[in-house]
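Structural characterization, general
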Amino acid sequence: MPDKQKAARKAASPDKEEVRVGVYTCHCGGNISHVVQCERVAKALGKMPDVVVARTDPSFCSDAGQAIIEQDIQELGINRVVIGACAPSLHEQTFRNTVTRAGLNPYLYHHVGIREQDSWVHDGDPEGATEKAVRLMAAGLAKARLLTPLEPIRLGAEKGALVIGGGVAGLRAALDIAHQGIRVTLVEKSPFLGGRMAQLESIFPTDEEPRQLLHALIEQAAAHPSITILTGAEVTAVSGYVGNFNLQVTQHERGLSEELAEALLAACEQEAPDNFNYGLTRRKVVYRPYPGCYPSTPAVDWEHYDGRPIQVDGKAVVLKDKPQVHALTVGAIVLATGFNPYEPRQGEYGYGEITEVVTLPQLIRILAQVPQGEPLIWNGHPVRDVALIHCVGSREIEGVHTPQDDGQVNNYCSRVCCTASLHTALELRRRFPEINLYELYQDIRTYGRGHEEIYNQAQSAMVHFLRYRGEKQPEVAAAPPGDTHPALVRVVDTLTYGEEIEVPVDLVVLAVGMMPSPIDALVDMLKVSRGNDRFLLEVHPKLRPVEMAVRGIVLAGTAQGPMNIQESLSAASAAAAKVAALLGQGRVELPPFVARVDESKCDGTGACVEACQEEGAIALQTFQENGHEVRRAVVTPANCTGCGACVGVCPKRAIDVQAWTLAQYEAMVDALAMDIPAFAEAEK
Amino acid sequence: MSEAKTNPPSRGELLKQLREEHASSVERTQVLFREQRSLQQSICQMIRETPKTVPEIAAAIGKPSHEVLWFLAGLRKYGIVVEAGMCGDYPLYQKVEEK
Amino acid sequence: MHELKEYGAVGIEKCFNCGNCTAICPLASDEYPFPRSVIRRIQVGQEDRLEQQLDPWLCYYCGDCSATCPKGAEPGETMMAARRWLTGRYDWTGLARKFYTSLAWEIGSILLVALAVVVIILFFHGPLVTERVELNTFAPIEIVHLADWIMAGTLLFFIATNVFRMYWLTVLKDRSLKIPLSLYVKEAWHLLFNAATQARWSTCASDEQDPIEKRRKRNAWLTHILLVSGYGLMFFIIVFMLPWFQTDNIYPVHNPQRWLGYYATGVLLYGTVRALWGRAKKEFQMHRFSHPSDWIFPILLLSVTLTGILQHTFRYLGWPLPTYYTYVVHLAVTAPMLILEVPFGKWAHLYYRPLAIYFEKVKASARKHALSTTEAFAPAD
Amino acid sequence: MASNPKAKQPKILILATLAGGYAGADSTGQAHADYPANTYILPIMCPVMFPPEFFVRAFERGIDGIIIMYSGTDSPYKVEADGTAALVNSSYALMKERGIDIRRLRLAAICTVCVKPFLKEVNQMVELLQGIGFVKDELAAPVTASA
Amino acid sequence: MENLHVDALVLGGGIAGMQAALDLADQGFQVALLEREPSIGGKMITLSKVFPTLDCCSCITTPKMSAVAHHPNIHLLTYCEMQSVAETGSGFRLAVVQKPRYVDVNKCTGCRKCEYECPVTLPSPFDRGLGAYRAIRVPFSTAVPQTAVLDIENCILCGKCEKVCAAGAVDFTQRAETFEIQATTLVVASGFELTPLNAKKEYGGETLQNVIDPLMMERFLAPTGPYGRVLRPGDGKEPTSIAYVQCAGSRDQTLGVEYCSRVCCMYAIKQAMLISGALPMADITIYYMDIRTFGKGYEQFYQNAQAMGVEFVRGKVAAIREDDEQNPVVKVELTEEGRIIERTFDLVVLSLGMVPTAGADGILSLPLGEDKFIAIPAPNANPCETARPGIFVTGTAMGPMDIVDSIITAGSVASAASAYIREHQKETAYA
């Protein structure tokens, strides 16, 4: 394509040719134009120096809109492009591709956010918003004048991925990535795979056995030649970037040799709370959470093992944890760190105070321990009446609910609790036909395929429904001694015209929501962000729903937010597709936003080297020049993060971060500060 | 692909074929087109001088309001009619002056 | 809920309280937001609240609620069941409850009463005149009339006590209202008017938008009112004017005795056949879940009518024995119908319904009255 | 604006890191919150690239207030937290020399979803500037008066 | 048309199909995307703004449409209809008909001169029939490909378009052409339809002019909408009171749709918020049974709407009638109080649900679930595998879901399909 070559040549030597800027103000389908008067912005910008064309369009990101820009580049010889539109995080890449298609270097384009930071926050002040748009665009123009063509840094990418979390999402993601010929290391913190799903007994809407499904996955993963599974392991250090993350994984000793394992398991006497049963029961410190778990070798609960020897065959065996450190290099990281069930506050609905109050996950474990056909006994009483309270730790309202330690309330819906508690109610009905069941809910959210049917079945199974309002929660109280039932639930029932209804019960079940797993350390290491709900945050729910803002890190499953198993599987597979697309080629491109030394100005003061905190990013080197020895700073782009610590300290202003230069900022400040005669004139 | 000896039909033949195949739909559409044209003319006539609302136009030409609105939506889209302010809760429509 | 199911309710548990039934109902009001008001009380097991409700009686089962229910919860049928349940509640003897919840009890009692009638006649009948029809000789009119009066008295006793229970539960128990006696008198016309015209039912039809449905509903109402008129007339005639009616005189055709009798018989025949036909075909919403009690009453009534016609025909034909036999059968079905069905069975709605409307009106005007008096005494500000 | 000139507003420059404040400002937009329009947000990688002179220069050009919204200790850059604090301190020294009220430059740690803190910072600066006025008046005043 | 041989064939060019095609193509597979309409974009491109971010919808959709059109690994086939499918040893062979556009795609510049000249005006399905377009037209402003198409069934063959076209693109000699696509795997993304507006006769949909479906409201709210503002279609009045009737097309036995359509609560709340923006004086009431705002950020969105003054009333609307001024009157029980009200509105929106699009599943003879959507035999193991090996499903073809979930399932189907392709191609290579 001769046109493209010509344009590229032109762009390659911008100093020698005139700057021709195209300025594009997007209506964003009304999002911007409802507040900012885009035509006025275009008019004002059109009168500024170097601007060849200033246009508006309902949406420049559409195919037709992009075509306009391409056409301008090719036909009007535009060599700098400024676009005012939505946040750069959304469509900067879209337009980089557009200008590239038209033959222009992608870094000769600058994106100005006038939606999130203008029209959406100033809708009460259209005049102010319009003026602001003009100034921001003028600043963009000022920067654009100083842009230079750049090439991305191309690096080889490690064709391997790390999956953190060995629950259903992690396993699915690992398998899907491995299917694409990419090595996978799966790291699971606990000594066993399976995650939360293994703790369930039956899953909706198919009533399948979760552990059977899990085992199908685990078997495949364990047998796959490209998957390495590390249980009892945690990521303890991270460096690098997409394509080349360097990680340190610390793995606890399993503690048991294959031969001795069974004997040790049998001989062990020390006990600890069984967290597989949510602390309702106790188990040995040498343990298997459930028969058929993977790996099948028992593990040692290092947290609770007190170090005393265990007598086996007359020998005293002392178990020792010798953590092993693995160094890994991977191209991408999948976060499948899962969730924790919400732990109700002491006293919330009587939890922790009244022994008849348990959580739904606890109830599931309780039921798992009652043999089929036998009655349900709790605290020595046969259970006749059960109340299940929905939305515990979900849909909380600020000012109504007591905040948690971090001052926040969980104002999100946890998505699965409605169906899960109805599904459990059905299980109760099936096994204990005489039980009276009460569901206390705000809205029944059986949204999924086959879920409404579960609601219908629960109704047909004579489950009683009582509906409370978020602001007026039910109350749980211990019944006075001698009462027929140990506890009492009071609810203002909106279905019964707001009358208060009292339900005497033997068991109160709190359908608790989901909270993200405690992964603060990991979040800090990876520098990834979390949303207001504390779950990990995707870039954009529709544009890049499984990717995080840090390139090369993707999300799978409930680490991102509440999901059921089916949804977790989908999300995990979607994450795997992103990893496969990213690493399939074996190389990645990084933006060229790294420090660059102006050789003509640098005289080797070394201030930059002192200021730099990134290893191997900048160093002084000695050159021979015209017979003289000169010392100058030299940047190693792959190690430079582009923070600019070197820029501010250089007395000669000889170093800059490419595409983010100090001169550009000064020009932008000038543009923001100046009066805009052109704008004023255009108004006349 | 097709055999070499059968010549592709000429453009004229193809057009004739098209006309024959679609004779009935063309006839039906022509009836529709004539109705549309006369309705469009009477609407445009009404709002050439002063802008009017949908119910006003509908009452004047004796057509249901929703039909009139649909016509105006089309005329607006193709730049024949523009909105010209409001009359209470109803927008006013006016014919664009011909150049 | 289980109890109501014994009374024939279906699908109450399916109701998720969306309110569709109440909103579609042409008769429901803010004071009586049924069917849901009834369903909800049943769902949460508030028996005491339910037995104080007039709501079930205010429904005529047009079936719109059931037809449009998004969950197939059959609110109309629940209302029907609630009426049966209430009949059982009002009845202090406990018989009504037995009849509704046990088919064996109901049929057994009917057979028992029928048998009793046959036995009584067997022992006490007069001479059989076989040359000509002398019914009054076979069944001396004084005795029959006396039995008639005894029966009517018993009936009245049961009805009155049950009605009082109804009054106590639905009106007196509501302490929030003080009802001046004058209001009972003032609103009394509602009782008569509704008993006579079923005017309330006709609103079911008048609110209907769909013309076909409207016609169906209007026809249903018409059929019902014809049936009631025929029944009422017949009842009146045989209780109060039996000597005039049961006679061996053959009146000329233009005599009121003849044409009143024919009218009543005609509409009864038409009405019961239609009712049974509808139940068999299940063409209406209201006929899709027929409870045994819904069948038995029209069957009895039809049998009464048919045996009456037969007996009448035989008499005119001058066949003495068939006349006497059919007369016995006629009485044997009439008696249980009246004794059992009227105070304890389906036919109780004949008086509970107008009474409920009457109480509703009384309560409403009492409420209005209370409001106006408090307003009158409210200090002006 | 030319036809109906409003009272001139002070200008606030916000230098916001892409990993922190800039994303926070985007979140504020997504929440459709409201704040004054005389605020100009420029994305930066990390504030340490600016020498103190940059800020003084900006004030001299007519920027009345500057907020640096950085990511603090959550930054992807090792140098950001301490480096920025040091930078701001040396900038204050320079501002004092030039007679510029040091409250005109503020440092705030803003995360990607910090809507409320973002609004708080902006509104505080707006209020402050309403109180202390335009920077050009300050620069015009004799240095002795402020000392 | 030339025959094609691809790794994956995606059926349906809505958001799920586009995303699945992109995710497969990004992994290096050759993908064909088949769309029966003249443009890709599906239902999503007709929307105004999307929840919960309130991003302008075309800002999310159009770049994806553009990416599909420009992707080197994607063959975009619009206005094509699948006719038959045969299983071959190595995948599937499809007979596909390219319907005639009567416009040369390579010559047409999308200038719309022909459209302006065309004398026949027709109701535009893009605007749910409430807007107009011509017998020859570019289907909508952001269509991809940006090419005119002629509706021969509603054409008077006057030839004006041919005359005005500077590019000489109008071509009446075009005929339907059949060609063949061979694909290792098929991805069904055939999407959904709304439950019919007249599904519940008590609501008067289609007979009452001012009772509309939610996609109509989307068009009114979109900047390119038929009236350029929110007006009621009965008489062009700007509505000041608007009611939303939730579950008007779902969770109702009498409609034959017993499932929850998942999106209606959120789109109603979103539209309510957008209407509040467009018509600040308007009263908006949402009648609901259960509010189901279960997605990420959705509950907050619901709370925001409540704070903005949108009224939420629990009660299923039983019937809607019309008063003398064409105003719909809603009858409903306020279930929390036990009161029955009749309230008059200017406009009523029936929050209709989703039913599957008829078509693809039949030709592919895919078993359906009880809800008539394509059956997924093992949802908790392989959430996008159909009962036929090698055929996958994504988006709303597998049941109601919102855009976020559609996009996730598209990513998921890309993984499942690519694993299948690799496995299968390995096998056939050995064979």
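What you see is a predicted model, and the numbers here were worked out from it, not measured in a lab. (Residues numbered from 1 in each chain as written. Chains lettered and ligands numbered in written order. Predicted model: local features only at pLDDT ≥ 70, side-chain atom pairs only at ≥ 80, totals over all residues. Heavy atoms only, no water.)

Points about the overall build of chain C
The condition that has to hold: Helix and strand assignments follow DSSP, with helices taken as H or I runs no shorter than four residues and strands as E runs no shorter than two, numbered in order from the N terminus. With the radius of gyration taken over C-alpha atoms, the globule rule is written as 2.2 Å times the number of residues to the power 0.38. The criterion used for residue contact is that any of the two residues' heavy atoms lie within 4.5 Å. All accessible areas in this document rest on Shrake-Rupley with a 1.4 Å probe, and a residue is counted as covered only by the protein chains that are shown. In this charge count, Lys and Arg are treated as positive and Asp and Glu as negative; neither His nor the chain ends contribute. Charged groups are reduced to one reference atom each: NZ for lysine, CZ for arginine, CG for aspartic acid, CD for glutamic acid.
Helices and strands together make up the secondary structure of chain C, namely 19 helices and zero strands. Computed over C-alpha atoms, the radius of gyration of chain C comes to 23 Å, within 12% of the 21 Å expected from 2.2 N^0.38 for 381 residues, which places it in the range of a compact globule. For chain C, the C-alpha atoms occupy an extent of roughly 85 × 45 × 40 Å along the three principal directions. Sequence separation of 24 or more characterises 75% of the internal contacts of chain C that already satisfy a separation of 6 or more. With an accessible surface of roughly 16900 Å², chain C has 70% of that area assigned to carbon and sulfur atoms. Counting 37 positive and 31 negative side-chain charges, chain C places the averaged centre of each group 3 Å from the other.

Topic: the overall build of chain A
Looking only at helices and strands, chain A features 18 helices and 36 strands. Taken along the three principal axes of its C-alpha coordinates, chain A extends 95 × 70 × 45 Å. Nonlocal contacts in chain A, meaning residues at least 24 apart in sequence, comprise 69% of its contacts between residues at least 6 apart. Within the structure as shown, chain A displays about 26200 Å² of accessible surface, and the carbon and sulfur contribution to it stands at 50%.

A closer look at the interface of chain E and chain C
To be explicit about the condition: Throughout, the accessible surface (probe 1.4 Å) given up by two parts as they are put together, summed over both, is called the buried area. Salt bridges are identified by distance alone: a Lys or Arg side-chain nitrogen within 4 Å of an Asp or Glu carboxyl oxygen. By the criterion applied in these results, polar contacts are pairs of N or O atoms within 3.5 Å in which, for protein atoms, one can donate a hydrogen and the other can accept it, and in which residues neighboring in sequence qualify only through two side-chain atoms.
Taken residue by residue, the interface counts 22 residues in chain E and 23 residues in chain C. Overall, the association of chain E and chain C removes approximately 1700 Å² of surface from exposure, summing both partners, and the carbon and sulfur fraction of that is 50%. Here chain E and chain C share one salt bridge between them. Here Arg-36 of chain C makes a salt bridge to Glu-333 of chain E, at a shortest N to O gap of 3.1 Å. Along the contact surface separating chain E from chain C lie 13 residue pairs in polar contact (both at pLDDT 80 or more). Of all the secondary-structure elements, those providing two or more residues to the side of chain E that touches chain C are strand 18 (317-322), strand 19 (328-334) and strand 20 (339-344) of chain E. The greatest single-element share of the side of chain E that touches chain C, amounting to four residues, is contributed by strand 18 of chain E.

Focus on the sheet that holds strand 27 (residues 487-493) of chain A
All names here are of chain A. Quick note on the threshold: The rule for pairing is simple: two strands pair if DSSP sees at least two bridges between them. Angles shown run from 0 to 180 degrees and are taken between the N-to-C directions of axes, each axis being a line fitted to C-alpha atoms and, for helices, limited to the stretch in contact.
The three strands are arranged 26-27-28 in an open sheet whose pairing can be described as antiparallel. Two strands in the sheet have a free side with no partner beyond their single neighbour: strand 26 (475-478) and strand 28 (499-505). On average, each strand axis in the sheet is inclined to that of its neighbour by 25 degrees, with strand direction left out of account. In terms of strand pairing, strand 27 meets strand 28 through seven bridges, oriented antiparallel. Directly across from Val-492, in strand 28, lies its bridge partner Glu-500.

Notes on the state of the cysteines
Cut-off, in case you're wondering: A pair of cysteine sulfur atoms is labelled a disulfide when the two atoms are within 2.5 Å. Buried means the residue's accessible area, taken with a 1.4 Å probe over protein chains only, is under 20% of the maximum for its type, while exposed means over 50%, and partly exposed covers the values in between.
In total, this model carries one disulfide over all chains according to the counting rule given. Between the sulfur atoms of Cys-111 of chain D and its disulfide partner Cys-114 of chain D the distance amounts to 2.1 Å. Disulfide Cys-111 of chain D-Cys-114 of chain D: torsion about the S-S bond near 115 degrees, hence right-handed. Summary of cysteine pairing: Cys-26 of chain A is not part of a disulfide, and the nearest cysteine sulfur, belonging to Cys-28 of chain A, is at 5.3 Å. Given the relative accessible area of 3%, Cys-26 of chain A is considered buried. Of the cysteine sulfurs around Cys-86 of chain A, a residue in no disulfide, the closest is that of Cys-28 of chain A, at 5.5 Å. On the accessibility criterion, Cys-86 of chain A (3% relative accessible area) is buried.

Comments concerning the packing of helix 2 (residues 52-61) of chain D against helix 3 (residues 80-98) of chain D
Residue and element names in this part refer to chain D. For clarity, the threshold we go by: Every angle not falling under 35 degrees, over 145, or within 65 to 115 is termed oblique; those three ranges are roughly parallel, roughly antiparallel and roughly perpendicular. Handedness of a crossing follows from how the near helix is turned relative to the far one, being left-handed for an anticlockwise turn of less than a right angle and right-handed for a clockwise one.
Put simply, helix 2 and helix 3 touch, their axes get as near as 8 Å, and they point 45 degrees apart. In this view, helix 2 runs oblique relative to helix 3, as classed from their interaxial angle. Here the hand of the crossing between helix 2 and helix 3 comes out right-handed. Each of Pro-52, Glu-53, Phe-55, Val-56, Phe-59 and Glu-60 in helix 2 lies in contact with helix 3, whose residues at this interface are Leu-87, Ser-90, Ser-91, Leu-94, Met-95 and Arg-98.

Focus: the packing of aromatic side chains
What counts here: Two rings from Phe, Tyr or Trp (for Trp, the six-membered ring) form a pair when their centres sit within 6.5 Å of each other. Planes less than 30 degrees apart are called stacked, planes more than 60 degrees apart edge-to-face, and all others tilted. Consider the ring centre and the ring normal. A charge sits over the ring if Lys NZ or Arg CZ is within 6 Å of that centre and within 35 degrees of that normal.
The tally for this structure, following the rule as stated, stands at 45 aromatic pairs over all chains. Aromatic side chains Trp-70 of chain B and Phe-71 of chain B sit 5.3 Å apart centroid to centroid with 80 degrees between the ring planes, which places their arrangement in the edge-to-face category. Grouping residues by exposure puts Trp-70 of chain B and Phe-71 of chain B together as buried. Aromatic ring contacts, followed pair by pair, group Trp-92, Phe-99, Phe-157, Phe-158 and Phe-344 of chain C into a single cluster. In this structure, Lys-143 of chain A packs its charged tip against the face of Trp-660 of chain A, placed 4.3 Å from the ring centre. Directly above the aromatic system of Tyr-133 of chain E lies the positively charged group of Arg-137 of chain E, at a separation of 3.9 Å from the ring centroid.

A look at helix 5 (residues 214-221) of chain E
Residues and elements named next belong to chain E. Among the eight residues that make up helix 5, eight are buried, leaving the element largely enclosed by the rest of the structure. Three or more residues of helix 5 are buried, namely Pro-214, Leu-215, Met-216, Met-217, Glu-218, Arg-219, Phe-220 and Leu-221. In this fold, the buried residues of helix 5 make contact with strand 3 (49-50), strand 13 (192-194), strand 14 (211-212), strand 15 (241-245), helix 6 (264-278) and strand 21 (347-350). The distance from a side-chain oxygen at the start of helix 5 to the backbone nitrogen of Leu-215 is 3.0 Å, and the residue carrying that oxygen is Asp-213.

What to know about the domain arrangement of chain A
Residues and elements named next belong to chain A. Here is the rule: Segmentation of the chain into domains, including their bounds, is taken from an automatic or database domain assignment.
Looking at chain A, the domain boundaries give domain 1 (3-152), domain 2 (160-252 + 323-338 + 524-587), domain 3 (261-317), domain 4 (341-515) and domain 5 (595-657). The C-alpha centroid of domain 4 is placed 32 Å from the C-alpha centroid of domain 2. Listed per partner, the contact involves 19 residues of domain 2 and 23 residues of domain 4. In this assembly, domain 2 packs against domain 4 so that about 1600 Å² is buried in total across both faces, 60% of it on carbon and sulfur atoms.

Some thoughts on the interface of chain A and chain E
Taken together, the contact pairs 76 residues of chain A with 76 residues of chain E. Summing the contributions of chain A and of chain E, the shared interface buries around 5800 Å²; its carbon and sulfur component is 49%. In terms of surface lost to chain E, no three residues of chain A exceed Tyr-447, Arg-449 and Lys-542 of chain A, which account for 14% of the buried area on that side. Here Asp-55 of chain E makes a salt bridge to Arg-115 of chain A, at a shortest N to O gap of 2.4 Å. Here chain A is connected to chain E by 40 residue pairs in polar contact (both at pLDDT 80 or more). For the side of chain A that touches chain E, the secondary-structure elements that each account for two or more residues are helix 3 (63-76), helix 4 (88-101), helix 7 (168-179), helix 12 (451-460) and helix 14 (565-583) of chain A.

Things to note about the confidence of the model for chain A
Which entries qualify depends on this criterion: The pLDDT value tells you how sure the predictor is about a given residue, anywhere from 0 up to 100.
Here chain A averages 92 in pLDDT, while 96% of its residues score no lower than 70. A low-confidence stretch, residues 1-14 of chain A (pLDDT under 50), is modelled with 14 contacts involving residues beyond four sequence positions or located in other chains.

Describing a positive patch on the surface
This is how it is decided: The patch calculation keeps residues exceeding 30% relative accessible area without a salt bridge and links them within 9 Å when they carry like charges or within 5 Å when they are nonpolar (Val, Leu, Ile, Met, Phe, Trp, Tyr).
Taken together, the side chains of Arg-34 and Arg-37 of chain B together with Lys-160 and Lys-163 of chain E present a region of like positive charge at the surface. Those elements that provide at least two residues to the positive patch are helix 2 (23-46) of chain B together with helix 4 (160-164) of chain E. Within the fold, Lys-160 of chain E resides in helix 4.

Observations concerning the arrangement of the chains
The highest contact count of any of the six pairs of chains in contact belongs to chains A and E. Chain C makes no contact with chain B, the minimum C-alpha separation between the two being 22 Å. Separated without contact, chain B and chain D have their nearest C-alpha atoms at a distance of 24 Å.

Notes on the domain arrangement of chain C
Residues and elements named next belong to chain C. Formally: Residue polarity is assigned by list, with Asp, Glu, Lys and Arg as charged and Ala, Val, Leu, Ile, Met, Phe, Trp, Tyr, Cys and Pro as nonpolar; anything else, Gly included, falls into the polar class.
Along its sequence, chain C is carved into domain 1 (1-90) and domain 2 (94-377). Its C-alpha centre places domain 1 at a distance of 25 Å from the equivalent point of domain 2. Across the boundary between the two partners, domain 1 contributes 33 residues, which contact 39 residues of domain 2. On the domain 1 side of the contact with domain 2, Trp-57, Tyr-60 and Tyr-90 bury the most area, a combined 24% of that side's loss. Here Lys-173 makes a salt bridge to Glu-51, at a shortest N to O gap of 3.9 Å. Connecting domain 1 to domain 2 are five residue pairs in polar contact (both at pLDDT 80 or more). If you list the elements that add at least two residues to the side of domain 1 that touches domain 2, you get helix 5 (64-68) and helix 6 (75-90). The residue inventory of the side of domain 1 that touches domain 2, partitioned by class, reads 17 nonpolar, seven polar and nine charged.

Observations concerning helix 3 (residues 36-43) of chain C
Residue and element names in this part refer to chain C. Helix 3 sits mainly inside the fold: eight of its eight residues count as buried. Those residues of helix 3 lying buried are Arg-36, Ser-37, Val-38, Ile-39, Arg-40, Arg-41, Ile-42 and Gln-43. Immediately downstream of helix 3, the backbone of Gly-45 shows phi near 70 degrees, a positive value.

What to know about the pairing of strand 8 (residues 227-231) of chain A
Look at any regular strand and the pattern is simple: side chains alternate between the two faces of the sheet. Residues and elements named next belong to chain A. We count it as follows: With the strands pointing away from the viewer, any crossover whose connection runs clockwise from the first strand over the helix to the second is right-handed.
Inspection of the sheet shows strand 7 (residues 183-188) paired to strand 8 by five bridges, in the parallel sense. Within strand 8, the residue paired with Leu-186 across the bridge is Ile-229. Viewed along the sheet, the connection from strand 7 through helix 8 (residues 210-223) into strand 8 turns out right-handed.

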